[in-house]
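The lines below spell out each chain.
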Amino acid sequence: MRSGMVAVLGRPNVGKSSLVNALVGRKVSIVSRRPQTTRHRIQGVYNADDLQIVFIDTPGLHEHEHRTLNEFLNRAASSAIEGVDAVLHVVESGAWRADDDLALARAARAGVPVIAALNKVDRRAQKQELLPEIAKLNERHAYAAIVPVSATHGDNLEGLADALAAYMPEGPMLFPPGQIQGHDLAFTVAECVREKLTRMLHEELPYALSVGVEALEDKPGLLRAHAVIWVEREPQKKIVVGAGGSTIKRVGTAARRDLEAQLDKKVFLQTYVRVRPNWSDDPAALRALGYDDG
Ligand SMILES: Nc1nc2c(ncn2[C@@H]2O[C@H](COP(=O)(O)OP(=O)(O)OP(=O)(O)O)[C@@H](O)[C@H]2O)c(=O)[nH]1
Ligand SMILES: [Mg+2]
């Protein structure tokens, strides 16, 4: 038996959370086409016959933004490397950016083997295009392995797990096989609501949003939850609510349906929108809203 911990690092939007969800076989981390979707370290456990890997999904490392939230996100990602057995550096095929250099530098600093997952290879029409890209990655860093994958198509995930397995220490499982999620129900509800908001709202608004759950009642067959959506300014509240409450209603319905499918029970979800000026640039507000700076 081998078992170990793997920190999943990379710049925003390369598909880290998609990859962790695909490996773990269920949705532990929210996903959207916008960068900076993940805001917390999120654990997902992969189990195979003689292998257990605990993946730690992290916020995308990035340099160009300077609110306190961005500092928190970068610190939360950087500190995920502490105590892990390997780092999985996720990169997007055909799209190396400056923030990839930043992520690689952090990964290399961990002092453990770094494996590259070359993600989104489904977008490459010709598989030969990958060879020069793999050669280029080899020049950038002495990766322990470079594994082309597609998180959304499920391509080569076992190949990736096998490559990681070689670097997992021998030893007993870290978690019982049934336990696949490290976060509590309130977190799951809040993240689900934030995912729908991030997907449905335009432009800058997702970055001005945070979601918390203020009350939760979990009974057999029924979950009741009150979610509070925090925005920074009154006009943002109007946009989230929408004309006649239409936007918030769509968000609430999508979140409820997703939660009902995930939890296999009925969900009664109420949503409120409140203003907390400048929360994303205020360390005390960030801590109160559940953000962890590592
Ligand atoms: N075509 C394709 N798209 C993918 C793949 N993996 C992820 N995506 C898409 O890429 C976007 C970002 O995915 P996420 O998993 O949220 O990326 P992330 O790296 O976790 O992003 P942050 O949390 O913001 O750092 C989403 O629109 C995904 O559907 C893939 O293998 N192929
Ligand atoms: Mg993510």
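Residues numbered from 1 in each chain as written. Chains lettered and ligands numbered in written order. Predicted model: local features only at pLDDT ≥ 70, side-chain atom pairs only at ≥ 80, totals over all residues. Heavy atoms only, no water.

Peer 1: Got a minute to help me understand the domain arrangement of the protein in this structure?
Peer 2: Many structure descriptions define interface size as the accessible area lost when the parts assemble. Under the domain assignment, the protein is made up of domain 1 (2–165) and domain 2 (185–288). With 17 residues of domain 1 in contact, the opposing surface of domain 2 contributes 24 residues. Of the roughly 1,800 Å² buried between domain 1 and domain 2 on both sides combined, carbon and sulfur atoms contribute 48%. Broken down residue by residue, the surface that domain 1 buries against domain 2 is led by Ile30, Arg34 and Arg39, which jointly contribute 34%. Viewed at the interface, domain 2 and domain 1 are joined by two salt bridges. In this structure, the salt-bridge partner of Lys27 is Glu195, at a minimum N-O distance of 2.5 Å. Broken down by element, the residue count for the side of domain 1 that touches domain 2 peaks at three residues, all from helix α2 (residues 68–79). By residue class, the composition of the side of domain 1 that touches domain 2 is six nonpolar, six polar and five charged. (Domains from an automatic or database assignment. Contact = heavy atoms within 4.5 Å. Buried area = accessible area lost by both parts, 1.4 Å probe. Salt bridge = Lys/Arg side-chain N within 4 Å of Asp/Glu carboxyl O. Helix = DSSP H or I, 4+ residues; strand = E, 2+ residues; numbered from the N terminus. Nonpolar A, V, L, I, M, F, W, Y, C, P; charged D, E, K, R; others polar.)

Peer 1: Which parts of the structure should I look at to understand the coordination of the magnesium ion (ligand 2)?
Peer 2: Ideal geometry at a metal gives 109.5 degrees between four tetrahedral donors and either 90 or 180 degrees between six octahedral ones. On the protein side, the magnesium ion (ligand 2) has Ser17 (OG) and Thr38 (OG1) as donor atoms, found 2.0 to 2.1 Å from it. In this pair, Ser17 sits in helix α1 (residues 16–24) while Thr38 sits in the loop between α1 and β2 (42–48), placing the two residues 21 residues apart along the sequence. Considered together, Ser17 and Thr38 belong to a single accessibility category, that of buried residues. (Donors = N, O, S within 2.8 Å, 3.2 Å for Na, K, Ca; no water. Buried < 20%, exposed > 50% of the residue type's maximum accessible area, 1.4 Å probe, protein only.)

Peer 1: Sorry if this is basic, but what is going on with the nonpolar core here?
Peer 2: What tends to happen in soluble globular proteins is that the nonpolar side chains get buried as a cluster. Counting 30 residues, the largest nonpolar core has Leu19, Phe55, Leu88 and Leu160 as the members making the most contacts within it. Looking at this core, the elements that each hand over two or more residues are β1 (2–9), α1, β2, β3 (51–57), β4 (86–92), β5 (114–119), β6 (145–148) and α5 (157–165). Looking at this core, the element that brings in the most residues is α5, giving six residues. Residues in contact with Leu160, not counting those within four places in the same chain, are Leu19, Leu23, Leu88, Ile115, Ala117, Val147 and Val149. If you look at the next biggest cluster of nonpolar residues, it comprises 23 residues, including Val87, Ala107, Val114 and Ile146. (Core = buried A, V, L, I, M, F, W, Y, C linked by side-chain atoms within 4.5 Å.)

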